[in-house]
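Below, each chain spelled out in residue letters.
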Amino acid sequence: MTSAPVKHAAPSRRRALFDWRSRRVRAWGIGAVVLLVLVAAAVWLGVRAHLAQQEIAEAERLAKVVQTQIAQGHADQARDAAQQLASHVDSAHGYVSDPVWLSAGYIPIAGTNFSTTTQLAGILSDVTHGAVLPLAEVSQNIDPATVKPAHGVLDVQAIAAAQPKVSQAASVLQDAYFTVAKVQPGFGAVPQLSEGIDRLKDLLRQAAQQAVAANTATSVLPAMLGDSGPRTYLVLVQNNAELRATGGIPGAAVEVHVDHGHITLGRHTEAKEFQKFPSPVLPLADQTKGLYGTIVGEYFQDINLVPQFPLTAGLAVEMWKRQYGNQADGVLSIDPVALSYLLQATGSVSLPTGETLDSSNAVRVLLSDAYAKYQGAGKDDFFSTTAGAVFAKIASGGFHPKPMMDALDRSVRERRLLAWSPQAKEQDAIQAAGMSGELPDQTPQHGVFGVYLNDATGAKMDYYLRESYRVGGVVCREDGRPTWAVEVTLTNSAPADAGTSLPGYVTGAGIYGVKPGNVKTQVNVYAPPSSVYLGSWKDGAPLNVHQDMNSGYPVAQTDAELSPGQSVTLRFQFLGAAHADEKPDMISTPTVNTSSTSDLSLSCRDIVR
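Residues numbered from 1 in each chain as written. Predicted model: local features only at pLDDT ≥ 70, side-chain atom pairs only at ≥ 80, totals over all residues. Heavy atoms only, no water.

By the naming in an unreviewed UniProt entry, the chain is DUF4012 domain-containing protein, taken from Sinomonas terricola.

Spelled out as structure tokens, the structure:
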């Protein structure tokens, strides 16, 4: 019996089956390799991201160290910290710019996180090498400890030598800000990335603004300090006991000469030495005359009734020239409160009269005690002599740098230290430093009010004036225009018997129609140029005010007279521009005390439509 024959697969079929199995094995192999590569890449990217994050965190810490060391005048430590910062930034940039990371940037949707991170790290590297390191290198040249006067001489060349690197840093920071401002990570960006972009943009904006201001300052300071030829400046000392819009009457003026950094004091005089000029020494706008009269340009004591320091300075220079024949190249202004800040850096000053002036007693001695102790011309001489003594100590370098910088910064922020130059480039630097004393800056979206006080007592009673402010807004109209309101509360804190217990020179003795012991104050509210006046109230009752315009700003002007212990609240209401911010800001005249400004809560029921 024979068995049935075995059937074998055809050779072609066997080959096809083998090829299919081989392809499947290869596919599995390739898939495994791809998966392995993807996992490895993901791990690689995760590790690199973690390491980059650590490097950036350490760079942030070191950035604060650099800033602190520069501010404290530790140039060597600042340079060391800047070098360490650069090393960490470079490492972070390296972690997010290798081939794997760059390739990840092409992944749909998620890739935007990788590509944008690489771009931001590159910007940080540019800022570090182009701005942080150069500024750290020249920090000693612009350090107050090294450029402060020594025996009456400032090292002007040190400032000039720093200027190129400061200019470079300003340019790099500006470019970086504009670049980051254009970064749009797009769809797929994680929230942390968008938040990081916004944070970096804000930091670069602030840094660029500061660097631009420093660049402007270092470019003009050498010339202003006499590097290109002698300069003469007038220093006005404003007396807040008799208020003027920018602070107080210019009770004394000191002439300061600067020649190649060498500082000397010239003539110092009192305001009383200036007689009335027969007509304004400079042309005045009709609106200025309508609000404050022609006396602004006729009396030295009244040149700062206007809240525009450039006009005040120009009038002071012209009056000085007509009185003494000397041409001043610029004007500085300071008040006794700012002097008390400076005395924290200089220490006490011994006066020729035998008194010792320090930060704790300067305001009281200058604005109160002097009027009780000195009579007639003696009190004016005392004021002038005191100002000269303080400036002489500063010019000699007799101060601690860091406290001096803090004192100057506070004085500028409170608008107690102002400056003016007829040179446009120098005035730009003054403007950038916040010392110009101009009317408040505005933007179409954000309004800023100015509240300026002038004494109307004709005496020194503003030592006892206390003031507080509230400002707010609400949107109630369909066109989106906000209604803004400013409240001014004034109080006479003088003793009840001020009319008889205080000297007539302080109370005014009724010469200008104000009862002795009372305080009369002119209040000027400058509203944003785009606003419209709506109304005013005095302690809740409707109040008629003088309405005018000045340099494009709507002005509401009134006055208030207060007996000892009496208070009054004045409210001014304006309509803002369409879609402007609901809440405006406000600045005010610097007075003897530090005024408070708080929010005024408004509802649509509270306002006039």
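S.K.: Could you clarify how one ought to interpret the overall build of the chain in this entry?
M.R.: From N to C terminus, the chain includes 16 helices and 18 strands. Per-residue burial for the chain yields a buried fraction of 48% across its 609 residues. Of the contacts formed within the chain by residues at least 6 apart in sequence, a portion of 74% connects residues at least 24 apart. (Helix = DSSP H or I, 4+ residues; strand = E, 2+ residues; numbered from the N terminus. Buried < 20%, exposed > 50% of the residue type's maximum accessible area, 1.4 Å probe, protein only. Contact = heavy atoms within 4.5 Å.)

S.K.: Where do I start with unusual backbone geometry in this structure?
M.R.: For residues besides glycine, phi is generally negative; the peptide bonds are generally trans as well. Within the chain, His260 stands out as a residue other than glycine whose phi angle is a positive 50°. As for its placement among the helices and strands, His260 is situated in the loop between strand E2 (247-259) and strand E3 (262-270). The exposure class assigned to His260 is partly exposed, which follows from its relative accessible area of 48%. Within the chain, His579 stands out as a residue other than glycine whose phi angle is a positive 65°.

S.K.: What's the story with the environment of Ser501 in this structure? I'm lost.
M.R.: Relative to the helices and strands, Ser501 resides in helix H15 (residues 498-501). On the basis of relative accessibility, which here comes to 41%, the residue Ser501 falls in the partly exposed class. A C-alpha to C-alpha distance of 10.0 Å links Ser501 and Pro516, two positions 15 residues apart in sequence.

S.K.: Would you mind showing me how to read the packing of helix H10 (residues 336-346) against helix H13 (residues 401-413) here?
M.R.: Relative orientation and spacing of two packed helices are given, respectively, by the angle between their axes and the distance between those axes. The interhelical angle for the contact between H10 and H13, taken along N-to-C directions, is 170°, at an axis separation of 8 Å. In terms of orientation, H10 and H13 fall into the roughly antiparallel class. Contacts from Ala338, Tyr341, Leu342, Gln344, Ala345 and Thr346 of H10 reach H13 at Pro403, Met404, Ala407, Leu408, Arg410 and Ser411. Taken together, the residues of the contact of H10 with H13 sort by class into eight nonpolar, three polar and one charged. (Axes fitted to C-alpha atoms, helices over the stretch in contact; angles between N-to-C directions. Parallel < 35°, antiparallel > 145°, perpendicular 65-115°, else oblique. Nonpolar A, V, L, I, M, F, W, Y, C, P; charged D, E, K, R; others polar.)

S.K.: Can you walk me through the side chain of Asn304 in this structure?
M.R.: Positionally, Asn304 belongs in the loop between helix H8 (286-292) and helix H9 (309-324). When its relative accessible area of 1% is taken as the criterion, Asn304 is described as buried. Side chain to side chain, Asn304 and Gln238 meet in a polar contact 2.9 Å long. Once you skip the residues sitting within four places of it in the chain, Asn304 turns out to touch Gln238, Arg244, Ala245, Thr246, Gly248, Ile249, Pro250, Thr312 and Asn454. (Polar contact = N/O pair within 3.5 Å; in protein donor to acceptor, adjacent residues only side chain to side chain.)

S.K.: What am I meant to see in the nonpolar core here?
M.R.: Across soluble globular proteins, nonpolar side chains have a tendency to be buried as a group. Ranked by size, the top nonpolar core spans 87 residues in total, and within it Ile334, Val451 and Phe572 carry the most contacts. In this view, Ile334 contacts Val235, Leu236, Val237, Gln238, Leu339, Leu342, Phe391, Arg416 and Leu417; residues no more than four positions away in its chain are not counted. By size, the runner-up hydrophobic cluster in this structure holds 35 residues, among which are Leu291, Tyr292, Ile303 and Val317. (Core = buried A, V, L, I, M, F, W, Y, C linked by side-chain atoms within 4.5 Å.)

S.K.: What exactly am I supposed to notice about the pairing of E3 here?
M.R.: Taken residue by residue, a regular strand's side chains alternate between the two faces of the sheet. Two strands pair when backbone bridges link them, and E2 and E3 are joined in this way by seven bridges, in the antiparallel orientation. Note that in E3 the partner of Asp259 across the bridge is His262. Counted between consecutive antiparallel strands, the loop separating E2 from E3 contains two residues, among which His260 sits at a positive phi close to 50°. (Pairing = 2+ DSSP bridges.)

S.K.: Please clarify how the sheet that holds strand E14 (residues 546-550) should be interpreted in this entry.
M.R.: Strand pairing in a sheet relies on backbone hydrogen bonds, with the paired strands running either antiparallel or parallel. Read from one edge of the open sheet, five strands run E14-E15-E11-E8-E17, paired in mixed fashion. Two strands close off the open sheet at either side, each with one partner strand: E14 and strand E17 (585-588). Neighbour-to-neighbour, the strand axes of this sheet turn through a mean angle of 25°, independent of strand direction.

S.K.: Looking at this structure, how should I read the sheet that holds E3?
M.R.: Strand order across the open sheet formed by five strands is E3-E2-E1-E4-E7, with mixed pairing between neighbours. The outermost strands of the open sheet, each flanked by one partner alone, are E3 and strand E7 (418-420). Ignoring which end each strand starts from, the neighbouring axes of this sheet average 20° apart. With respect to the sheet, H9 is in contact with strand E1 (231-244), E2, E3, strand E4 (330-334) and E7, its orientation differing from that of E7 by roughly 65°.

S.K.: Hey, could you run me through helix H6 (residues 156-181) in this one?
M.R.: Since the α-helix turns once every 3.6 residues, residues separated by three or four places project in the same direction. The end-to-end C-alpha distance of H6 is 37 Å, a good match for the 38 Å that 26 residues give at a rise of 1.5 Å each. The axis of H6 is deflected most strongly, by about 35°, at Gln163, and proline Pro164 appears within four residues downstream. Buried residues of H6: Val156, Ala158, Ile159, Ala162, Gln163, Val166, Ala169, Ala170, Leu173, Ala176 and Val180, and no others. For H6, the N-terminal cap is Asp155; the gap from its side-chain oxygen to the backbone nitrogen of Gln157 is 3.4 Å. (Expected span 1.5 Å × (residues − 1). Bend = angle between axes of the 7 residues up to and from the residue.)

S.K.: Can you help me understand the packing of aromatic side chains in this one?
M.R.: The geometry of two aromatic rings is summed up by the distance between their centres and the angle between their planes. One pass over the full model with this rule turns up twelve aromatic pairs. Measuring from ring centre to ring centre gives 6.1 Å for Phe274 and Trp320, while their planes differ by 40°; the resulting arrangement is tilted. Taken together, the residues Phe274 in the loop between E3 and H8 and Trp320 in helix H9 connect sequence positions 46 residues apart. Residues Phe449 and Trp484 carry aromatic rings whose centres are separated by 5.9 Å and whose planes lie at 85° to one another, so their mutual orientation is edge-to-face. With a gap of 35 residues between them, Phe449 in strand E8 (residues 448-455) and Trp484 in strand E10 (residues 482-492) connect regions that are remote in the sequence. On the basis of relative accessibility, which here comes to 0%, the residue Phe449 falls in the buried class. Aromatic rings pair up to connect Phe274, Phe300, Trp320 and Tyr324 into one cluster. (Phe/Tyr/Trp six-rings, centres within 6.5 Å; stacked < 30°, edge-to-face > 60°.)

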